[in-house]
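Geometric and topological summary
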Amino acid sequence: MTQGIKDKIIVVTGASSGLGEATARLLSAEGATVVLGARRADRLQALAKDIEGHGGKALALETDVTRRDQVKALVDAAVQNYGRIDVMINNAGLMPQAPLEQLKVDEWDRMIDVNIKGVTYGIAAALPHMQRQKSGHFVNVSSVAGHRVGPGFAVYAATKFAVRALSEGLRQEVKPYNIRTTVISPGAVATELLDTISDPAAAAGIRSFYQQVAVPADSFARAVAFALSQPPEVDINEILYRPTKQEL
Ligand code: NDP
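The written sequence of each chain sets the order in which its residues are numbered from 1. For this predicted model, a pLDDT threshold of at least 70 governs which residues receive local features, and a threshold of 80 or more governs which side-chain atom pairs are given and counted, while totals over whole chains, interfaces and linings are taken from all residues. The side-chain figures draw on all heavy atoms in the structure; neither hydrogens nor water molecules are used.

**Topic: the overall build of the protein chain**
Let me state the cut-off plainly: Starting at the N terminus, helices and strands are each numbered in turn, a helix being any DSSP run of H or I of at least four residues and a strand any DSSP run of E of at least two. Here the term buried applies to any residue with accessible area under 20% of the maximum for its type, exposed to any over 50%, and partly exposed to those in between, with areas from a 1.4 Å probe on protein chains only. Surface exposure here means Shrake-Rupley accessible area, sampled with a 1.4 Å probe, where a residue is shielded only by the protein chains that are shown. A positive count includes Lys and Arg, and a negative count includes Asp and Glu. His and the chain ends are not counted in either. A charged residue contributes its charge at one atom only: NZ of Lys, CZ of Arg, CG of Asp or CD of Glu.
Helix and strand counts for the protein chain come out as seven helices and seven strands. For the protein chain, the succession of helices and strands along the chain, N to C, is β-α-β-α-β-α-β-α-β-α-β-α-α-β. Projected onto the principal axes, the alpha-carbon positions of the protein chain cover approximately 50 × 40 × 35 Å. Expressed as a percentage of its 248 residues, the buried residues of the protein chain come to 53%. In the structure as shown, the protein chain presents an accessible area of about 11,300 Å², 53% of it carried by carbon and sulfur atoms. Seen as two clouds, the 27 positive and the 26 negative side-chain charges of the protein chain have centres 4 Å apart.

Next up, the structure:
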């Protein structure tokens, strides 16, 4: 059990697969109580059951992060059931990569709604509780694409640059409340993320790249655990990591 994680009440969005699921599992193993949000309720329930089967504590709530009321209900459920929220992990996201000229405007809207607005709703839901507690920690998920733009990634990168901007603004504003903010920017990690790509050529290209370089999702979970397990006076603001094989 790790200091800074044990007995913490941690809300994770996008917990039904990939980075969110791996993080919930690791943090639970380190003694945290995890409150799990995503749309696929069956996957969340199975995860909660599995965590409880391993002696952990988990609560699963079907949540669409594009719905402000549902994100608030997720965070409020954590506070109602366990008395507080220590960490809000704004992780839910999607990456339907395609060149702009394909005008997949619905996918652009979806990325903006989930990747940006989902994070703002997470902040809106958790911030009042953390201010009242005078403690808390936001972990927002950006990407290497939040640091550099590549062809086919324009809108996705825009959303992930936005997550970094939001996180930096938040960091500066929450100092009086003893709240920490960490933004984590992973490179290629093997998850279900590529399933959201509808353009066959883009999907084939990026799948082949991921097959060559992607690292497992517990790489991300360990980065989260590192940030959370620092002494309270240490605020890890940015983590950028890539697979060792990944160049750009
Ligand atoms: P996955 O596709 O495996 O997981 C995405 C998660 O987001 C799922 O749990 C999904 O749950 C959830 N999600 C999607 N839309 C919504 C929604 N509207 N409301 C609630 N939850 C939603 O991919 P990853 O684990 O890789 O992605 C997690 C984050 O990591 C994303 O923000 C992604 O951009 C970021 N990232 C991933 C990288 C990678 O290489 N894998 C690299 C850099 C960043 P459900 O469908 O059940 O709602």
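**Observations concerning the packing of helix α4 (residues 105-133) against helix α5 (residues 154-173)**
Worth spelling out the cut-off: Between N-to-C directions, angles cover 0 to 180 degrees, with each direction set by a line fitted to C-alpha atoms, over the stretch in contact for helices. Angles below 35 degrees are treated as roughly parallel, those above 145 as roughly antiparallel, those between 65 and 115 as roughly perpendicular, and all remaining angles as oblique. Note on convention: near helix rotated counterclockwise from far helix by under a right angle means a left-handed crossing. Clockwise means right-handed. Contacts are residue-level and defined by heavy atoms, with any inter-residue pair within 4.5 Å sufficient.
Viewed as axis vectors pointing N to C, α4 and α5 meet at an angle of 15°, and their least axial separation amounts to 9 Å. In this view, α4 runs roughly parallel relative to α5, as classed from their interaxial angle. In this structure, α4 crosses over α5, and the sense of that crossing is right-handed. Of α5, the residues touching α4 (which contributes Trp-108, Met-111, Ile-112, Asn-115, Ile-116, Val-119, Thr-120 and Ile-123) are Val-155, Tyr-156, Thr-159, Lys-160, Ala-162, Val-163, Leu-166 and Leu-170.

**Observations regarding empty space enclosed by the protein**
Under the convention used in this document: Put plainly, a pocket is an open set of points on a 1 Å grid over the protein atoms alone with protein on both sides within 12 Å along at least five of seven lines, a cavity is a set where a 1.4 Å probe fits but cannot get out, and a lining residue has an atom within 4 Å of a point. Grid points are joined across faces, edges and corners, and a volume is the space filled by probe spheres set on the points. Put simply, Ala, Val, Leu, Ile, Met, Phe, Trp, Tyr, Cys and Pro go in the nonpolar bin, Asp, Glu, Lys and Arg in the charged bin, and everything else, Gly too, in the polar bin.
Counted by the stated rule, this structure contains two cavities of 30 Å³ or more. Here the largest cavity is characterised by a volume of approximately 50 Å³. Contributing to the lining of the largest cavity are Pro-96, Gln-97, Ala-98, Lys-104, Glu-107, Trp-108, Met-111, Gly-152, Phe-153, Ala-154, Val-155 and Tyr-156. The class makeup of the residues in the lining of the largest cavity is eight nonpolar, two polar and two charged.

**Some remarks on the site of the ligand**
What counts here: Here a residue is near a molecule or strand as soon as one of its heavy atoms is found within 4 Å of it. Counting of polar contacts relies on pairs of N or O atoms within 3.5 Å, with two restrictions inside protein: one atom must be capable of donating a hydrogen and the other of accepting it, and residues adjacent in sequence are counted only when both atoms are side-chain atoms. To be counted as sitting in a cavity or pocket, a molecule needs more than half of its atoms within 2 Å of that site's grid points.
Every one of the 30 residues lining the ligand counts as a neighbour, but Arg-39, Arg-40, Tyr-156, Thr-191 and Tyr-210 are closest to it. At 2.9 Å from an oxygen atom of the ligand is found a side-chain nitrogen or oxygen belonging to Lys-160. Surface burial for the ligand is 96%, taken as the share of its 870 Å² of free accessible area covered by protein chains. When atom positions are compared with the pocket grids, the ligand is found to occupy the largest pocket. Along the lines of polarity and charge, the residues of the shell around the ligand split into 13 nonpolar, eleven polar and six charged.

**Concerning the nonpolar core**
The criterion, for reference: Put simply, buried Ala, Val, Leu, Ile, Met, Phe, Trp, Tyr and Cys residues joined by side-chain atoms within 4.5 Å make one nonpolar core.
Ranked by internal contacts, the top residues of the largest apolar core, which has 44 residues, are Ile-85, Met-88, Met-95 and Phe-138. Every element with two or more residues in this core is listed here: β1 (9-13), α3 (68-82), α4, α5, β6 (179-186) and α6 (200-213). For this core, the element with the highest residue contribution is α4, accounting for nine residues. Residues contacting Met-95, with those up to four places away along its chain left out, are Met-111, Phe-153, Tyr-156, Leu-193, Leu-194, Thr-196, Ile-197, Ile-206 and Tyr-210. Formed by 35 residues, the second largest nonpolar core is a distinct cluster that contains Ile-10, Leu-19, Phe-220 and Ile-239.

**Describing the pairing of strand β4 (residues 87-90)**
Put simply, the test is: Strands are treated as partners if at least two bridges between them are detected by DSSP. Crossovers are described as right-handed under a simple rule: with the strands pointing away from the observer, the path leading from the first strand over the helix to the second runs clockwise.
Here β4 shows no split at all, with Val-87 and Ile-89 on one side and Met-88 and Asn-90 on the other all buried. Bridge count for β1 against β4 is three bridges, and the pairing is parallel. Within the sheet, the bridge partner assigned to Ile-10 lies in β4 and is Val-87. Taken together, β4, α4 and strand β5 (residues 136-141) form a β-α-β motif whose crossover is right-handed.

**Considering the side chain of His-137**
Turning to its location among the elements, His-137 is positioned in strand β5. Here the side chain of His-137 touches Thr-182 through a polar contact of 2.8 Å, side chain to side chain. The contacts of His-137, once residues within four sequence positions are left out, are Asp-86, Val-87, Met-88, Met-130, Ile-179, Arg-180, Thr-181, Thr-182, Ala-227 and Leu-228.

**A word on the environment of Ile-179**
Here Ile-179 lies in strand β6. Residues Ile-179 and Ser-16, 163 residues apart in the sequence, show an inter-C-alpha distance of 27 Å. Ignoring sequence-local partners within four residues, the contact set of Ile-179 consists of Leu-127, Met-130, Gln-131, Ser-135, Gly-136, His-137, Phe-138, Val-174 and Asp-235.

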